[in-house]
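# Architecture at a glance
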Amino acid sequence: MTRLFSRRQTGLGSRFTFEKTIDRWFELLTLGLAMGISSILVAIFGVIIWRAWPAILEYGVGFILSTSWNPVIGRENYGALPVVYGTIASSFIGLLFAAPLGVGTAIFLGKDFIPTQIRIPLVFLVELLAAIPSVVYGLWGIFVLTPVVHPLAEWLYNTFYWIPIFSRPPIGGTGLLASGIILAIMIVPIITAISRESLDSLPVDLKQASLGLGATRWETLFRVLLPAAFPSIAGGIMLALGRAMGETMAVTMIIGNVNKISVSVLEPANTISSLIASQFAEASGMQVSALMYAGLVLLFLTFIVNIA
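Being a predicted model, the structure only gives us computed values, none of them experimental.

Within the protein, the regular secondary structure consists of eleven helices and two strands. Sequence-ordered secondary structure for the protein, helices as α and strands as β, is α-α-β-β-α-α-α-α-α-α-α-α-α. Against the 2.2 N^0.38 benchmark of 19 Å for 308 residues, the protein shows a C-alpha radius of gyration of 26 Å, more extended than a compact globule. If one aligns the C-alpha atoms of the protein with their principal axes, the spans along those axes are about 95 × 60 × 30 Å. Looking at the protein as a whole, 39% of its 308 residues qualify as buried. Counted over contacts in the protein with a minimum sequence separation of 6, partners at least 24 positions apart contribute 72%. Accessible surface, the protein as shown: approximately 17400 Å² in total, 70% of it carbon and sulfur. Treating the 17 positive side-chain charges of the protein as one cloud and the 15 negative ones as another, the clouds have centres 12 Å apart.

What follows is the structure, given as C-alpha cells:
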C-alpha cells in the first residue's frame, strides 16, 4: 500500500509539474502576442514619422495651422487645417445623428421590449450594416443619398440661411451634411452593439429593485439602467467616433473633396483620409511627405479619441 501510494504521489507530482509548464508557456505566448500588437503599433508610428519627416522639418507645427495646399512643383506649399476641420466636423455630424439612433436602437432591441423571435433577426440586420464594404456605402450615397439630401439642403438654405451652418447654398447634394449622414449609418452598428451588450450585462437586481420600489419600466430605464451602463455606452460612442474619423472611400465619394473651411454644413469639404486617397497615387517628392504628415495628424487624432 505504501509503495502504491508513493507511486500515486509521484504521478500527481509529475502531472502538476507538466501543468505548471503548460501554464508558463501559455503565459509567455500571451505576453508575446501582446508585445507583438504593441510592436505593430510602434512600427506604424515609426514608418509614418519616417516618411513624413521631410515635411515635418519643412513646415513644422505650422502645417496643422495653414490653409494652403498647393502641390504645383516650384510653388509647393502644404497645410492641413481645412482637412483637419473637415475630418472633425464630418465625424461629429455623423455622431450627432448616430449616437441617439444607436442608443435608442439598443434600448429597443433589449430583452424586455420585443419578443426573442423578432429581436434576434433585428439584431442580425443591424450588425449586418457593419459588414457592408465602404465603397458600397459610397455608391449608395451617390445614387440614393445625395438626390435626397439636395432638396433637403436647399430647403434648409432657403429657410434658415440666416443661421451660419446653413448660410451657403448647396452644390449637388454633396458636402459635410451628406458625409455626416453616411458616416452615421456606418457607425450606428458599433454604438448599437456596445450599448445593447452594456445594458444586457447589467445585474438583474438593479431592475428588480427599482421595479420593487414602485418605479415604472421607463423610470427604471432612464434613472437606473442607463446611468449604470453610461460608461460603457460612452466608450462605444467614442470608439464609433474614431471609426468615423478614419473612414475613407464612402466619405471621399460624398464630401466633395474641396480644401476649404466653411461654417456651412451644406458646402463641400474634405477630410484627411479623402485627401490621402485622392492624391497619394499621383504624389511625388514633398507631396508624399505632406500626405504622410497629414496621415500622422489623423493617427494622433484617432489615438486621442480612443484613449478618451
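This model, assessed by the stated rule, comprises eleven aromatic pairs. On the basis of an interplanar angle of 40° and a centroid distance of 6.4 Å, the ring pair of Tyr 59 and Phe 63 is categorised as tilted. Ring geometry for Trp 69 and Tyr 78: centres 4.8 Å apart, planes at 70°, overall edge-to-face. Between the NZ or CZ atom of Arg 51 and the centre of the ring of Trp 50, over which it lies, the distance is 5.9 Å.

A word on the pattern of salt bridges. The full count for this structure, using the stated rule, is seven salt bridges. Of the charged contacts, one joins Arg 196 and Glu 127 as a salt bridge, the two residues approaching to 3.2 Å between their closest N and O atoms. One end of the pair, Arg 196, is in helix 6 (residues 176–200); the other, Glu 127, is in helix 4 (residues 116–128), with 69 residues separating them in the sequence. According to the relative accessible area criterion, Arg 196 is buried, its value standing at 9%. On the basis of relative accessibility, which here comes to 38%, the residue Glu 127 falls in the partly exposed class. Measuring nitrogen to oxygen at the nearest pair gives 3.6 Å for the salt bridge that ties Arg 196 to Glu 197. Take Glu 197: its relative accessible area is 46%, and that puts it in the partly exposed class. By sharing partners, the salt bridges in this structure join Glu 127, Arg 196, Glu 197 and Asp 200 into a single network.

Taking 1.5 Å of rise per residue, 13 residues should cover 18 Å, and helix 4 covers 18 Å from first to last C-alpha, within 8% of that figure. By the burial criterion, the buried members of helix 4 are Arg 119, Val 123 and Val 126. The arc that holds the buried residues of helix 4, viewed along the axis, is 65°, so those residues lie on one side. Opposite the packed face of helix 4, turned more than 90 degrees from it, sit the exposed residues Gln 117, Ile 120 and Phe 124. Looking at the buried residues of helix 4, the elements they touch are helix 3 (81–108) and helix 6.

Time to look at a nonpolar patch on the surface. Among the surface-exposed residues, Ile 132, Val 135, Val 136, Leu 139, Trp 140, Ile 142, Phe 143, Val 144 and Met 249 lie close enough to one another that they form a single nonpolar patch of about 750 Å² accessible area. At seven residues, the largest contribution of residues to the nonpolar patch is made by helix 5 (residues 134–160). Within the secondary structure layout, Val 144 lies in helix 5. Under the relative-accessibility criterion, Val 144 is labelled partly exposed at 37%.

Taking 1.5 Å as the rise per residue, helix 6 with 25 residues should run 36 Å; its terminal C-alpha atoms sit 35 Å apart, in good agreement. Along helix 6, the sharpest change in direction is near 40° and occurs at Ile 187; proline Pro 189 comes one to four residues later. Burial within helix 6 is extensive, with 19 of its 25 residues counted as buried.

Here we take up the side chain of Ser 210. Relative to the helices and strands, Ser 210 resides in helix 7 (residues 204–212). Dropping the residues within four chain positions of it, Ser 210 is found in contact with Ala 215, Thr 220 and Val 224.

Parameters and conventions
- Residues numbered from 1 in each chain as written.
- Predicted model: local features only at pLDDT ≥ 70, side-chain atom pairs only at ≥ 80, totals over all residues.
- Heavy atoms only, no water.
- Helix = DSSP H or I, 4+ residues; strand = E, 2+ residues; numbered from the N terminus.
- Rg over C-alpha atoms; globule rule 2.2 N^0.38 Å.
- Buried < 20%, exposed > 50% of the residue type's maximum accessible area, 1.4 Å probe, protein only.
- Contact = heavy atoms within 4.5 Å.
- Areas by Shrake-Rupley, 256 points an atom, 1.4 Å probe, with all protein chains shown as cover.
- Lys, Arg positive; Asp, Glu negative; His and termini not counted.
- Charge placed at Lys NZ, Arg CZ, Asp CG, Glu CD.
- Phe/Tyr/Trp six-rings, centres within 6.5 Å; stacked < 30°, edge-to-face > 60°.
- Lys NZ or Arg CZ within 6 Å of the ring centre and 35° of its normal.
- Salt bridge = Lys/Arg side-chain N within 4 Å of Asp/Glu carboxyl O.
- Expected span 1.5 Å × (residues − 1).
- Arc of directions from axis to C-beta.
- Patch = residues over 30% accessible without salt bridge, like charges linked within 9 Å, V, L, I, M, F, W, Y side chains within 5 Å.
- Bend = angle between axes of the 7 residues up to and from the residue.

Keep in mind these values describe shape, not function.
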